[in-house]
Amino acid sequence: MNPQFKQIDEIIKKAKNILIIQADNPDGDSLGSALALEQIIGDMGKNPMLYCGVEVPGYIRFLSGWDRISKQIPNKIDASIVVDTCTKLLLDQLESDPNKPWVFSKPIIVLDHHANVKCDIPNATIICNQPGFASTGELIYVMAKELGWPLNKTSLENLTQSILSDSLGLTSDSATSDTYRRIADMIDGGVNRAKLEEDRRALSKMQQSVFQYKARLIERTEFYGDDNEIGVVSIPEEELFTVGTLYNPAPLILNEITMVEGVKVGIALKRYRGKVTGAIRCTGECQIAHKLAESFGGGGHPYAAGFKIESNTINFGELKCDVISKAMELLKEEC
């Protein structure tokens, strides 16, 4: 058995009130993992609590239980579990919360699967970052099986959704033969994958205003490279707090960009006051997303990654040029 799993099990068994923490960029993996842990820990007779410093994006609210997530940190915590990130850059809201000491005074378990990202979360007790898994949910499933934790249909459904989310429906290289076998085991455990897809489609439909906004994003997407291998779209702050509250603009447009003939890298740059974030997606032809993100202080998977730069003196035009130039450089080196 993985020795880290045993250490995690010991912390969970000693704790009663356990806070499950997502990063400030929740996605299908982090939400599915958090909800699965909530179910598992609850079935172990514990009191699980869900926290995320930002609102859950509309496009992943098809996962039942998202509305139990609070932006408030409780003042009674025995241990915490951070899912799907190991960097404090993605925990800004937690870092600035006055109740942060309640979290950092108790054991903190970090569960992640992103390669080449060094954990810098203060006072992390156990850092379990295993890039061999397609998602954090897959890591949780393997750990729960080894430790004999309860896995009912609800937890299995959430873990399945987390894997499908981060593996792009099992189409990315991150989905190994073991991943397929684990999905099969979950189906044997009662998961109806077809029903999960129906729920996702029914509850993640976009409003007409979002559909029209998507058209505007497509219109202003720019293409770079000798053969237009790089697609880039810039998203200003005012859009992030209008249409962006209904549907995250990055996943809304990046899938479309990577479907354009010849495109190998899609990049969405979000502009805030004093901050720029970048979301990167790559096709199967050339998976350099993690290397591009690392060049700007971020990280992630070869096919999906991101970064965040905070400064009151950011020159967005120069940064955009630097990102495009680095993407071109990596494409020439790696592809």
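Just above, that's the structure.
Quick look at the structure, then. Everything quoted here is computed from the prediction, not taken from an experiment. (Residues numbered from 1 in each chain as written. Predicted model: local features only at pLDDT ≥ 70, side-chain atom pairs only at ≥ 80, totals over all residues. Heavy atoms only, no water.)

## Description of the overall build of the protein chain
Counting its secondary structure elements, the protein chain contains 13 helices and 11 strands. Against the compact-globule benchmark of 20 Å for 335 residues, the protein chain has a radius of gyration of 20 Å, which places it among compact chains. Across its three principal directions, the C-alpha atoms of the protein chain cover 55 × 45 × 40 Å. For the protein chain, buried positions account for 51% of its 335 residues. (Helix = DSSP H or I, 4+ residues; strand = E, 2+ residues; numbered from the N terminus. Rg over C-alpha atoms; globule rule 2.2 N^0.38 Å. Buried < 20%, exposed > 50% of the residue type's maximum accessible area, 1.4 Å probe, protein only.)

## So, the sheet that holds strand S4 (residues 108–112)
Hydrogen bonds between backbone atoms are what pair the strands of a sheet, whose relative direction is either parallel or antiparallel. Read across the open sheet, the 5 strands follow the order S2-S1-S3-S4-S5; overall the sheet is parallel. A strand with exactly one partner marks an edge of an open sheet, and here the two such strands are strand S2 (47–52) and strand S5 (126–129). Across this sheet, the average inter-strand angle for adjacent strands is 20°, counted without regard to direction. Of the strand pairs in this sheet, S4 and S5 are connected by 4 bridges, and their pairing is parallel. (Pairing = 2+ DSSP bridges. Axes fitted to C-alpha atoms, helices over the stretch in contact; angles between N-to-C directions.)

## Description of the packing of aromatic side chains
All chains considered together, the criterion is met by 1 aromatic pair. The lysine or arginine in question, Arg271, covers the ring of Phe316, its NZ or CZ lying 4.2 Å from the ring centre. In this structure, Lys275 is placed above the aromatic ring of Tyr272, and the distance from its NZ or CZ to the ring centre is 4.6 Å. (Phe/Tyr/Trp six-rings, centres within 6.5 Å; stacked < 30°, edge-to-face > 60°. Lys NZ or Arg CZ within 6 Å of the ring centre and 35° of its normal.)

## Considering the environment of Leu156
As for its placement among the helices and strands, Leu156 is situated in helix H6 (residues 153–166). As for Leu156 and Lys16, which are separated by 140 residues in sequence, their C-alpha atoms are 23 Å apart. Apart from residues no more than four positions distant in its own chain, Leu156 is found in contact with Tyr141, Leu151, Met186, Gly189 and Val191. (Contact = heavy atoms within 4.5 Å.)

## Looking at the nonpolar core
Counting residues in hydrophobic clusters, the biggest one holds 64 residues, and the most contacted among them are Ile8, Leu37, Ile81, Leu111 and Trp149. Core analysis: the next-biggest nonpolar cluster, separate from the first, contains 23 residues, Ala293, Phe307, Val323 and Leu331 among them. (Core = buried A, V, L, I, M, F, W, Y, C linked by side-chain atoms within 4.5 Å.)

## Here's the deal with the state of the cysteines
Under the defined criterion, the tally for this structure stands at 1 disulfide. Shown here is the disulfide that connects Cys286 with Cys335, its sulfur atoms set 1.1 Å apart. Of this pair, Cys286 sits in the loop between strand S9 (275–282) and helix H12 (289–294) while Cys335 is found in the segment after helix H13 (316–334), placing the two residues 49 residues apart along the sequence. In this structure Cys335 comes out as partly exposed when scored by relative accessible area, which is 43%. Of all cysteine sulfurs in the structure, the one in Cys86 sits closest to Cys52, which takes part in no disulfide; the separation is 16 Å. (Disulfide = S-S within 2.5 Å.)

## Examining helix H7 (residues 177–188)
Counted at 1.5 Å a residue, the expected span for H7 with its 12 residues is 16 Å, and the 17 Å between its end C-alpha atoms agrees. Taken as a whole, H7 has its buried residues at Thr179, Arg182, Ile183 and Met186. One face of H7 carries all of its buried residues, which in axial projection span an arc of 100°. Where H7 is buried, its residues meet helix H5 (136–147) and H6. (Expected span 1.5 Å × (residues − 1). Arc of directions from axis to C-beta.)

## Things to note about H5
Each turn of an α-helix holds 3.6 residues, which means side chains three or four residues apart point in the same direction. If you check H5, its first and last C-alpha atoms are 16 Å apart, about what 12 residues at 1.5 Å a residue would give, namely 16 Å. Counting buried positions along H5 gives 10 out of 12 residues, so the element sits mostly inside the fold. Regarding H5, its N-cap is Ser135, as a side-chain oxygen of that residue lies 3.2 Å from the backbone nitrogen of Gly137 further along. Looking one or two residues beyond H5, the residue adopting positive phi is Gly148, at roughly 75°. (Polar contact = N/O pair within 3.5 Å; in protein donor to acceptor, adjacent residues only side chain to side chain.)

## Examining the sheet that holds strand S11 (residues 304–310)
The 6 strands lie next to each other as S6-S7-S8-S9-S11-S10, forming an open sheet whose pairing is mixed. Of all the strands in the sheet, the pair left with one neighbour each is strand S6 (222–224) and strand S10 (299–300). Looking at chain direction, S10 and S11 are connected through 2 bridges and run antiparallel. When the bridges of S11 are listed, Gly299 appears paired with Gly306. This element, helix H11 (residues 249–257), spans strand S7 (230–235), strand S8 (265–272) and S9 of the sheet and lies at about 155° to S8.

## Overview of the side chain of Asn158
Relative to the helices and strands, Asn158 is located in helix H6. Relative accessible area serves as the criterion here: at 7%, Asn158 is assigned to the buried category. Once you skip the residues sitting within four places of it in the chain, Asn158 turns out to touch Gly32, Leu35, Ala36 and Leu63.

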